[in-house]
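Examining the three-dimensional arrangement
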Amino acid sequence: MALSNSYKLRCSIPGHEMDVRGVTAALVPAGAFVSVSRDRTGRVWTPNASPDKGFTEMHCMTGHTNFVSCVCIIAPSETYPRGLIATGGNDNNICVFSLDQPQPLFMLQGHKNTVCTLSSGKFGTLLSGSWDTTAKVWLNEKCMMTLQGHTAAVWAVAILPEQGLMLSGSADKSIKLWKAGRCEKTYTGHEDCVRGLAVLSDTEFFSCSNDTSVRRWMVTGECVQVYLGHTNYIYSIAIFPNSQDFISTGEDRTVRIWRKGECHQTIRLPAQSVWSCCILPNNDIAVGASDGLIRVFTEAEDRVASPQELLAFEDELSKTTIDPKTGDLGDIKIDDLPGREHLDEPGNRDGQTRLIKEADKVEAYQWSVSESRWMKIGDVVGGSSQHTTKKVTYEGKEYDFVFTIDVNEGGPSMKLPYNMSEDPWLTAHNFLQKNDLSSAFLDQVANFIIENSKGHVVGPATPSAVDPFTGSGRYVPGAADGRTGFGADPFTGSGRYIPGSGSTGGSTGATDPFTGGGAYSSAAFRQTATNVYFPKTDGVTFDQANATQIMAKLKELNGTASPEHKLSEEFVESLEKMLDSVVGGANNSTPPPSLQQINLLWKASHWPEDIVFPVLDILRLAVRHPQVNESLCGEAEGVQLCNHLLGLMAPQGRPANQMLALRTLCNCFGGPQGRALLLAQREAVLARAAELAVGGSKNTQVALATLLLNYAGCLHGRPDLEAKAQCLSVASSALESVQDKEAVFRLLVALGTTLASDQSARELARSLGVTSQIAKYSSVADPAKVGECCQLVLNELQ
């Protein structure tokens, strides 16, 4: 098969009735690809065996109620051996199709605005981006996590499958790197919306932007190269199999082929917006554009279109009208332009453009290196000495039209300014947003604009279609364990009270948390190969206390407290009696806490943050008691308790308070009301807890890991995949920074409990890269429980 130096037209494929917004290569059938369009359909195209070198539509997919904007392929699985096709649309939904039926197998709902980008990863993971400023991770028909952090539309997403990393590009001009649902890094450098992402390798990726540049990034954060050549927005980018060269498409009517860092070839299309591109297995290029056509280009001589088809394509291109306002050609002054003799001189590079004056009009030509000639690419209209319409001034700006729109009969009319170089759907969208009108009017208003500007529109399509987030005025959418030996003792000897410090006297803080009494034998584990670690479904609590030291510190601080915060002797005595009633265990003959004592404890927990820690220690011990748990963790009171503890856990808070608040939350799991409360408040609690993973003390790390372990135990056996996804995300994030081996161990137990008997959770963990993240702990021998538990978790992930 002979290869030429450049790409030429293979075929033009009609079929869609409106803009082709997305194309992607299919896995089956061989050589096929999928397209999606504003006409609300997706179509699968297979190569013809006939001499015309074209493609035939083999499957049409419907299901969206508004235009379809993106598409990706989900890899084959045992359930779907031919893979699946996912499409995102302006109806805020994702439809997932098979090749066997035109209707979707299922829909993914959760985004609050247009789904404009999709990417698939290993194990069936799907990543979506939306105008609602979020990206979402989906698995097994459910949203596993929402990635929040961008301040404008998420136009591009991509997955780095080997590392469990995810990328998102946004109209806020930034790119973010996500790991286990948390933003690990933000890349800045683009000067306008980021519209496309393409993964080059495990360590590099490309981005393209409305700022007309393509950038090459290291995952570590460095931008290592900027590629310039486009003269308007760049919408899509695709990488050749050699993982070096790539193609890009944009609003300047072009497909550009980049080789060895340079623009090797520029192919112009007779359509304003070249929305999307993909590279087929044979290295042919498929592109979708605003004229509703798909065009395939090839460098294989035996697949090039016939001379007649090539001539027809060139003729169509030559008849295109070009509006300088699209940014491609700049401002035109006819009198300053040379005549046809300017084309006698050859061009300097492929894609170079020259304008000539021919009678009273301006013609644009492009140099083709492969054919060594200038090709006409259109007639230029709308230059400085050509005014096709009279401008209308509205709110200080000039427009081609200012329409009067009456939405409600008898209500006030509204003004809708419009320029011919704008997209009617974008203008309609912005108009509805500005006037707080229902999006149900979108098609009606857009069609009104089209109808009333008919005959005036310059070029076959318009720039920045359906992009409401660009430019200076962009829209921004806005059961307790009971063993006293589990956990580090927060008290120290010598009569000095330090929250969270080492164990004292007769405590059993060094015992193994899952066997008791120091009787754990790693040799016995290896002989029996029994998993003694997870799933762990009974709550782990922090039980140890030295009541004498707690009260001594409380009285000391109360003695130096300001008058407005000083507690009365009766108040202090009530707290002391309550403490005695909750620390004695089963042999305690002290009466249970009274409602008055509970109310006083709640009041005292609002002492100033610099002196409240001994009260928090009493609270930590008290919430284990059934009556206190029921009283403080009930529906109304529980939300107040939760919010108060989360306030104490703020990143800027005092470390002792953070640690004791975490321990209090752990101990709340000791009663049914506490468990119900923390399950209801799970999202807020874990989000705040995750903020304490970095830089916390050993005791804070252990408390955080214990909180996750208790959540994992409560969720075990439940079908709440979204909750388990958050647990996996926070545990994975904590493992990045936690150093203490006991905290690592408890995080591993939490992971194992989450994964045990749950295939969906295992698949999500694999896609998040948990395997590679924890593998380093499998060789830990001191303590042996870390390495052994890690190996069991890895077994779950195989």
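This is a predicted model, so every value here is computed, not measured.

1. A short note on the overall build of the protein chain
When you go through the protein chain residue by residue, the secondary structure sums to 19 helices and 36 strands. Taken across its 798 residues, the protein chain has 58% of its residues classed as buried. Taken as a whole, the protein chain presents about 31,900 Å² of accessible surface, with 48% of it coming from carbon and sulfur.

2. Some points on the packing of helix α12 (residues 672-680) against helix α14 (residues 698-715)
Where α12 meets α14, the closest approach of the two axes is 11 Å, and the angle between their N-to-C directions is 95 degrees. In terms of orientation, α12 lies roughly perpendicular with respect to α14. Here Arg675, Leu678 and Leu679 of α12 lie close against α14, whose contacting residues are Tyr711, Cys714 and Leu715. For the contact of α12 with α14, the class distribution of residues is 5 nonpolar, no polar and 1 charged.

3. Let's talk about the packing of aromatic side chains
Applying the stated criterion across every chain, the model contains 17 aromatic pairs. Ring geometry for Phe206 versus Phe246: centroids 4.5 Å apart, planes at 40 degrees, classification tilted. Separated by 40 residues along the polypeptide, Phe206 in strand β19 (residues 204-209) and Phe246 in strand β23 (residues 246-250) bring together distant segments of the chain. On the accessibility criterion, Phe206 (0% relative accessible area) is buried. The exposure class of Phe246 is buried, given its relative accessible area of 1%. These aromatic residues form a ring-pair network of at least three members: Phe206, Tyr227, Phe246 and Trp258. Its end group placed over the ring of Trp275, Arg21 keeps NZ or CZ at 3.7 Å from the ring centre. The side chain of Arg38 reaches across the aromatic face of Phe67, ending 5.2 Å from its centre.

4. Regarding empty space enclosed by the protein
If you add up the space inside the largest cavity, you get close to 60 Å³. Forming the boundary of the largest cavity are Ala26, Leu27, Val28, Val34, Ile73, Arg82, Gly83, Leu84, Ile85 and Leu99. Of the residues in the lining of the largest cavity, the class split is 8 nonpolar, 1 polar and 1 charged.

5. Some details on the pattern of salt bridges
According to the stated counting rule, one finds 30 salt bridges in the structure shown. For the salt bridge of Arg259 with Glu299, the shortest nitrogen-to-oxygen distance reads 3.4 Å. Taken together, the residues Arg259 in strand β24 (residues 254-259) and Glu299 in strand β28 (residues 294-300) connect sequence positions 40 residues apart. A salt bridge links Glu371 to Arg373, with the nearest nitrogen and oxygen atoms 2.8 Å apart. Taken together, the shared-partner salt bridges connect Arg340, Glu358, Glu363 and Lys376 into one network.

6. What to know about the environment of Trp45
With respect to the helices and strands, Trp45 occurs in strand β4 (residues 41-47). You can call Trp45 buried: its relative accessible area is 3%. Measuring from C-alpha to C-alpha, the distance between Trp45 and Phe55 comes to 5.8 Å, with 10 residues separating the pair along the chain. With residues up to four places along the chain from it excluded, the contact list for Trp45 reads Ile13, Pro14, Gly15, Ala32, Phe33, Ser35, Phe55, Thr56, Glu57 and Ile294. Among the polar contacts listed, one links the side chain of Trp45 to the side chain of Ser35, at a separation of 2.8 Å.

7. Brief notes about helix α17 (residues 759-767)
Most of α17 is tucked away: 8 of the 9 residues are buried. Ser760, Ala761, Arg762, Glu763, Leu764, Ala765, Arg766 and Ser767 are the residues of α17 that are buried. Where α17 is buried, its residues touch β12 (135-139), β13 (142-147), α15 (721-737), α16 (741-755), α18 (770-774) and α19 (784-797). N-cap assignment for α17: the residue whose side-chain oxygen lies 3.2 Å from the backbone N of Ser760 is Asp758.

8. Quick look at the environment of Glu691
Topologically, Glu691 is positioned in the loop between α13 (682-690) and α14. A C-alpha to C-alpha distance of 9.7 Å links Glu691 and Ser733, two positions 42 residues apart in sequence. A polar atom in the side chain of Glu691 sits 3.0 Å from the side chain of Arg688.

9. Things to note about the sheet that holds strand β29 (residues 321-322)
Reading across the sheet, the 4 strands line up as β29-β32-β31-β30 and stay open at both edges, with mixed pairing between neighbours. Strands at the two margins of the open sheet, each flanked by one partner only, are β29 and β30 (353-358). As paired elements, β30 and strand β31 (residues 361-368) share 6 bridges and run antiparallel to each other. Paired with Lys357 across the bridge in β31 is Val362.

10. Details of the nonpolar core
Core analysis: the biggest nonpolar cluster contains 116 residues, and Leu707, Leu748, Leu751, Ile774 and Tyr777 have the highest contact counts within it. Apart from residues lying up to four places away in sequence, Ile774 is in contact with Leu735, Leu748, Leu751, Cys790, Val793, Leu794 and Leu797. Residues Tyr7, Leu9, Val255 and Ala271 belong to the second largest nonpolar core, which totals 18 residues.

11. Describing the pairing of strand β11 (residues 126-130)
Most of β11 sits out of view: 5 of its 5 residues are buried. With burial as the criterion, each face of β11 is covered, one bearing Leu126, Ser128 and Ser130 and the other bearing Leu127 and Gly129. The antiparallel hairpin formed by strand β10 (residues 115-120) and β11 contains 5 residues in its connecting segment, where Phe123 sits at a positive phi of about 60 degrees. By the bridge criterion, 4 bridges tie β11 to β12 in an arrangement that is antiparallel. Paired with Ser128 across the bridge in β12 is Lys136. Adjacent in sequence and paired antiparallel, β11 and β12 are bridged by 4 residues, among which Thr133 carries a positive phi angle near 80 degrees.

12. A word on the pairing of β4
Summarising burial for β4: 6 of the 7 residues are buried, a large majority. Pairing geometry for strand β3 (residues 33-37) and β4, over 4 bridges, is antiparallel. Paired with Val36 across the strands is Gly42, a residue of β4. Across 7 bridges, the pairing between β4 and strand β5 (residues 55-62) is antiparallel.

13. Some remarks on α12
Within α12 the residues assigned to the buried category are Gly674, Leu677 and Leu678. Down the axis of α12, the smallest arc covering the buried residues is 90 degrees, so these residues share one side. Summarising the geometry of α12, the exposed residues directed more than 90 degrees from the buried face are Pro672 and Ala680. Residues of α12 that are buried sit in contact with α9 (626-632), α10 (635-648), α11 (655-668), α13 and α14.

14. Some thoughts on the sheet that holds strand β18 (residues 194-199)
Spatially, β18-β19-β20-β21 is the arrangement adopted by the 4 strands of the open sheet, whose pairing is antiparallel. Single-partner strands in this sheet number two, and they are β18 and β21 (223-228). Strand-to-strand twist of the sheet, defined as the mean angle between neighbouring strand axes without regard to direction, takes the value 20 degrees. Across 5 bridges, β19 lies against strand β20 (residues 213-218) in antiparallel orientation. Looking at β20, one finds that Phe206 is bridged to Arg216.

15. Topic: the packing of α13 against α14
For the pair α13 and α14, interaxial distance at closest approach is 11 Å and the crossing angle is 155 degrees. On the basis of the axis angle, α13 is roughly antiparallel to α14. Note on packing geometry: the crossing formed by α13 with α14 is left-handed. Within the contact between the two elements, α13 uses Arg682, Val685, Leu686 and Ala689 and α14 uses Leu704, Leu707, Leu708 and Tyr711. The class makeup of the residues in the contact of α13 with α14 is 7 nonpolar, no polar and 1 charged.

Rules used in this analysis
- Residues numbered from 1 in each chain as written.
- Predicted model: local features only at pLDDT ≥ 70, side-chain atom pairs only at ≥ 80, totals over all residues.
- Heavy atoms only, no water.
- Helix = DSSP H or I, 4+ residues; strand = E, 2+ residues; numbered from the N terminus.
- Buried < 20%, exposed > 50% of the residue type's maximum accessible area, 1.4 Å probe, protein only.
- Areas by Shrake-Rupley, 256 points an atom, 1.4 Å probe, with all protein chains shown as cover.
- Axes fitted to C-alpha atoms, helices over the stretch in contact; angles between N-to-C directions.
- Parallel < 35°, antiparallel > 145°, perpendicular 65-115°, else oblique.
- Contact = heavy atoms within 4.5 Å.
- Nonpolar A, V, L, I, M, F, W, Y, C, P; charged D, E, K, R; others polar.
- Phe/Tyr/Trp six-rings, centres within 6.5 Å; stacked < 30°, edge-to-face > 60°.
- Lys NZ or Arg CZ within 6 Å of the ring centre and 35° of its normal.
- 1 Å grid on protein atoms, 1.4 Å probe; cavity = no way out; pocket = protein on both sides within 12 Å on 5 of 7 lines; lining within 4 Å.
- Points joined across faces, edges and corners; volume = space filled by probe spheres on them.
- Salt bridge = Lys/Arg side-chain N within 4 Å of Asp/Glu carboxyl O.
- Polar contact = N/O pair within 3.5 Å; in protein donor to acceptor, adjacent residues only side chain to side chain.
- Pairing = 2+ DSSP bridges.
- Core = buried A, V, L, I, M, F, W, Y, C linked by side-chain atoms within 4.5 Å.
- Arc of directions from axis to C-beta.
- Left-handed = near helix turned anticlockwise from the far one by under 90°.

Geometric values such as these leave the question of function open.
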